[in-house]
Amino acid sequence: MEKTAFDARYFDARYQEYLAAIEDYLNSLFAEKPHWADLYEAMRYSVLSGGKRLRPVMTLEFARLCGLDWHKAVPVGCALELVHTYSLIHDDLPCMDDDDLRRGKPTNHKVYGETLAVLAGDALQPAAYRLILTAPGLTDAQRADCALILANASGPDGMVAGQVLDTLYHPSAQDELTEVHHLKTGAMIAGACMLGVGAAGGSEAARKAAETYGYQLGLAFQIRDDMLDVIGNADEFGKPIGSDKDEGKVTYVDRLGLDDCGKLVHELTERAVSAVSDLDRDGFLTALAESLTERTK
């Protein structure tokens, strides 16, 4: 099918439509008041702390492009967002990155203490699978497929493997950094894209395109993050600038310099866009990818 001319207003309107649905759904979670409500409060603190919701937006768009009413994919996209949130809570802990700020707010353990922060992260993981396995409007096969996609993206051969390499193996060579980011960041972004295809029962070709788009964009996203840790604004970045250097971490900026990092982000973005050229009929995925590139200029 021929791609229509892209309209930036369309991108903004669709993104805001997705964002509103995601925020409404997330806000409905863990709102009860059991006598362990402090756990729910800690979970909601991080889940509702803001952010662009990039990953669930990708899930909804790929579901739409594969023929599903995207509203039916909201629980699936939000499930991955819960897992992503748990990983941020645990990343910020003193035993990991020891960060005080996340998205401009005190990190979970700074507000609720380390024990409750760990347990809030623990609780978000099974809650995510519950969302998928009870998602209305999907078949049992689609739910199972989505659960497996999320498990592969976030588990011992995905995000957690990347966290182990990042925190315990002290990667420094460029190929080591690439492997870490492929697992730690890329797997979850690719997983978000493939979840949309899985929820819609899409084709293998669509799944492969989603996977490639996600992994290429995931690496671009992480390199951009490394750049912003050097040249960004702390208020916009949501955490202190220079934290990687303070922690002794080697980043892409150390290996390539800012100019070459910017060029690589553009190259990776082009590969991501190329991967979905047959699927991205109205240019939303292209605009989404390029919106990340713009911030590195």
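As a starting point, this report considers the structure included with it.

Reading the values: rules and limits
- Residues numbered from 1 in each chain as written.
- Predicted model: local features only at pLDDT ≥ 70, side-chain atom pairs only at ≥ 80, totals over all residues.
- Heavy atoms only, no water.
- Helix = DSSP H or I, 4+ residues; strand = E, 2+ residues; numbered from the N terminus.
- Rg over C-alpha atoms; globule rule 2.2 N^0.38 Å.
- Contact = heavy atoms within 4.5 Å.
- Areas by Shrake-Rupley, 256 points an atom, 1.4 Å probe, with all protein chains shown as cover.
- Lys, Arg positive; Asp, Glu negative; His and termini not counted.
- Charge placed at Lys NZ, Arg CZ, Asp CG, Glu CD.
- Buried < 20%, exposed > 50% of the residue type's maximum accessible area, 1.4 Å probe, protein only.
- Expected span 1.5 Å × (residues − 1).
- Bend = angle between axes of the 7 residues up to and from the residue.
- Polar contact = N/O pair within 3.5 Å; in protein donor to acceptor, adjacent residues only side chain to side chain.

### Quick word on the overall build of the protein
Then step 1. The secondary structure content of the protein amounts to 14 helices and two strands.
Then step 2. Computed over the C-alpha atoms, the radius of gyration of the protein is 18 Å, within 12% of the 19 Å expected from 2.2 N^0.38 for a compact globule of 297 residues.
Then step 3. Principal-axis analysis of the C-alpha atoms places the extent of the protein at approximately 55 × 50 × 35 Å.
Then step 4. Intrachain contacts of the protein at a sequence separation of at least 6 include 72% that bridge at least 24 residues.
Then step 5. Within the structure as shown, the protein displays about 13,400 Å² of accessible surface, and the carbon and sulfur contribution to it stands at 52%.
Then step 6. Mean positive and mean negative side-chain charge positions of the protein (29 and 47 charges, respectively) differ by 4 Å.

### Some details on helix 8 (residues 159-168)
Then step 1. Those residues of helix 8 lying buried are Met159, Ala161, Gly162, Gln163, Leu165 and Asp166.
Then step 2. Looking at the packing, one finds that the buried side of helix 8 touches helix 4 (74-91), helix 7 (140-154) and helix 9 (174-200).
Then step 3. Remark: His170 follows helix 8 within two positions and exhibits a positive phi of approximately 50 degrees.

### Here we look at helix 13 (residues 252-275)
Then step 1. Over its 24 residues, helix 13 runs only 24 Å from end to end, short of the ideal 34 Å by more than 12%, given 1.5 Å per residue.
Then step 2. The axis of helix 13 is deflected most strongly, by about 90 degrees, at Leu258.
Then step 3. Listed as buried for helix 13 are Tyr252, Val253, Cys261, Gly262, Leu264, Val265, Leu268, Thr269, Ala272 and Val273.
Then step 4. Capping the start of helix 13, Thr251 holds a side-chain oxygen 3.2 Å from the backbone nitrogen of Val253, two or three residues further along.

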